[in-house]
Amino acid sequence: MAEENDNSQEKTEEATPRRLEKAREDGQTARSKELATMAVLLAGAGGLLMFGASMGASLESIMRDSFVLERSAIFDTRHMSVQLMASAKEAALSLAPLLILLLVAAVAGSIGIGGLLVSGKAIAPKLNRMDPLKGLKRMFSMRSLIELVKAILKVGLVMAVAILILNLRTDDLLSIAEEPARSAMEHVVWTMAWSFFILACATIVIAAIDVPFQIFDHQKKLRMTKQEVKDEYKDTEGKPEVKGKIRQLQREMAQRRMMQDVPGADVVITNPTHYAVALKYDQKNMAAPIVVAKGSDETAFKIMEIARENKVEILRTPPLARAVYHNTDIGGEIPDGLYMAIAQVLAYVFQLRQFRKGRGEKPQMPKFPIPSDLRRDV
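The model shown is predicted, which means the values in this text are computed figures rather than measured ones.

### Quick notes on a nonpolar patch on the surface
Turning to step 1, where the next piece is worked out: A cluster of nonpolar side chains, namely Met142, Leu145, Leu148, Val149, Ile152 and Leu153, defines an oily patch on the protein surface of about 610 Å² accessible area.
Turning to step 2, where the next piece is worked out: Topologically, leucine 153 is positioned in helix α7 (residues 142-175).

Here is the structure:
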């Protein structure tokens, strides 16, 4: 039933980042064949204009060396293979710049939209692609109709540009018949090269239309229903029961770490029935006292129990304990307003330790000043 409901919903929601990432992993991204075709044609036409003269000279040299033989070469059995290797080398060197340019253009045109993507899933064999019924459905789909219209428009545009070029070049082409053979051949080559370049420029119009369409079509394919968005959110964030269990485990781990720091505290201040806060101060390494542990109810009793086991001083100061508990975080420094009170606590603890060692009189617990904005009654 859920699947039927999903299928009946309209895909009105934009693809989520996770959906886009999964699509790239599956080899699905926006691609424009027209952009790649335009890049290759323009590179080829531009390459012919840039390197055509040098390639023509190399071809002429190869033809001359291949068809002109000296008498001594006729009787040399190795001459043919040596000449073939030399001709192949010269041809490769002359064609290399054009081929490299075409290779760069082909790669750039392919990754022009969608970026570089390497995915084995895109080329993996799929049996559903061999289904003849689905093949017929694709042949008569709206996408096939759009591709047919695009092909007709491309052919029409190229033919229109070709006819325009012929009309503009008619007098120039007819004048070639009156030129000497060598200059006529050069004239024909340059005329063809420039005509090819102008025809290639016509594909810019085609690519300019196709690229936005392919991006839009790709985004449309990846759209999601509201239910799919909700399901993905559940899968990503996890079910409430699982998240609750994870939070519980995290709290237990944090509490265990906190309890391990209690033995190193200098003092534990308590509201005996509700709160306990363990404080530590290292004059050399700390700018102010920090809270190493705090808790209420059962956690507070556990902190006091560990403190007793490790002979950490415990002071019953309900107002101060409440103020520190509600205005600090574990591992954080005490607020400025409580500096004086905590300083008096640490001084009292130090004097108490000295008294227990037989040094000095027993100190009296002072009244700890607590600013009104930090005071808590419960």
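### Section: the environment of leucine 41
Turning to step 1, where the next piece is worked out: Among the structural elements, leucine 41 can be located in helix α3 (residues 33-67).
Turning to step 2, where the next piece is worked out: Counting along the chain gives 65 residues from leucine 41 to alanine 106, while the straight-line C-alpha distance between them is 9.4 Å.
Turning to step 3, where the next piece is worked out: Setting aside anything within four residues of it in sequence, one finds leucine 41 in contact with Phe196, Ala200 and Thr203.

### Section: the UniProt feature "transmembrane region" (unreviewed entry) in the chain
Turning to step 1, where the next piece is worked out: In the numbering used here, UniProt assigns the feature "transmembrane region" (unreviewed entry) to residues 35-57, 98-124, 145-168 and 188-216.
Turning to step 2, where the next piece is worked out: Structurally, residues 35-57 comprises 100% helix and 0% strand, and the distance from its first C-alpha atom to its last is 32 Å.

### Here we look at the environment of alanine 43
Turning to step 1, where the next piece is worked out: Examined against the element boundaries, alanine 43 turns out to sit in helix α3.
Turning to step 2, where the next piece is worked out: Counting along the chain gives 61 residues from alanine 43 to valine 104, while the straight-line C-alpha distance between them is 8.8 Å.
Turning to step 3, where the next piece is worked out: When residues no more than four places from it in sequence are discounted, the contact partners of alanine 43 are Leu98, Leu101, Leu102 and Ala105.

### Remarks on the side chain of threonine 191
Turning to step 1, where the next piece is worked out: Of note, threonine 191 is situated in helix α8 (residues 181-221).
Turning to step 2, where the next piece is worked out: Classification of threonine 191 by relative accessible area gives buried; the value is 6%.
Turning to step 3, where the next piece is worked out: Beyond its immediate chain neighbours, meaning those up to four positions away, threonine 191 contacts Arg169, Asp172 and Leu173.

### Considerations on the environment of glycine 337
Turning to step 1, where the next piece is worked out: On the secondary structure map, glycine 337 appears in the loop between α12 (318-327) and α13 (339-356).
Turning to step 2, where the next piece is worked out: Along the chain, glycine 337 and proline 369 lie 32 residues apart, while their C-alpha atoms are 9.1 Å from each other.

### Some thoughts on the pairing of strand β2 (residues 275-280)
Turning to step 1, where the next piece is worked out: Burial runs high along β2: five of the six residues are buried.
Turning to step 2, where the next piece is worked out: Pairing geometry for strand β1 (residues 267-271) and β2, over five bridges, is antiparallel. Paired with isoleucine 269 across the two strands is valine 277, which belongs to β2.
Turning to step 3, where the next piece is worked out: With six bridges joining them, β2 and strand β3 (residues 290-296) adopt antiparallel strand pairing. Its bridge partner being in β3, leucine 279 is matched across the sheet by valine 291.

### Overview of the sheet that holds β3
Turning to step 1, where the next piece is worked out: The four strands are arranged β3-β2-β1-β4 in an open sheet whose pairing can be described as mixed. Of all strands in the sheet, those bounded by a partner on one side alone are β3 and β4 (313-316). Averaged over all pairs of adjacent strands, the angle between their axes in this sheet comes to 20 degrees, without regard to strand direction.
Turning to step 2, where the next piece is worked out: Where β1 lies against β4, four bridges are found, and the strand directions are parallel. Within the sheet, the bridge partner assigned to valine 268 lies in β4 and is isoleucine 314.
Turning to step 3, where the next piece is worked out: α13 rests against β1, β2 and β4 of the sheet, and its axis sits at about 125 degrees to β4.

Procedures and definitions
Residue positions within a chain follow its written sequence, with the count starting from 1. Totals for whole chains, interfaces and linings use all residues, but because this is a predicted model, local features are given only for residues with pLDDT of at least 70 and pairs of side-chain atoms are given and counted only at 80 or more. Calculated side-chain values reflect all of the structure's heavy atoms, with hydrogen atoms and water omitted. Patches were defined on residues exceeding 30% relative accessible area and lacking a salt bridge, with like-charge contacts within 9 Å and nonpolar side-chain contacts (Val, Leu, Ile, Met, Phe, Trp, Tyr) within 5 Å. In short, Shrake-Rupley with a 1.4 Å probe defines the accessible areas, and a residue's cover is counted only from the protein chains shown. Here, a salt bridge means any Lys or Arg side-chain nitrogen found within 4 Å of an Asp or Glu carboxyl oxygen. Numbering goes from the N terminus for both helices and strands, where a helix is a DSSP run of H or I of at least four residues and a strand is a run of E of at least two. A contact between two residues is defined here by any heavy atoms of the two lying within 4.5 Å. UniProt positions are given in the numbering used here, feature names are shortened, and annotations may be inferred rather than shown by experiment. In this scheme, a residue with accessible area under 20% of its type's maximum is buried, one over 50% is exposed, and one in between is partly exposed, where area comes from a 1.4 Å probe on protein chains only. When DSSP locates at least two bridges between a pair of strands, those strands are taken to pair. Helix axes use the C-alpha atoms of the stretch in contact, all axes being lines fitted to C-alpha atoms, and the angles between their N-to-C directions lie in the range 0 to 180 degrees.

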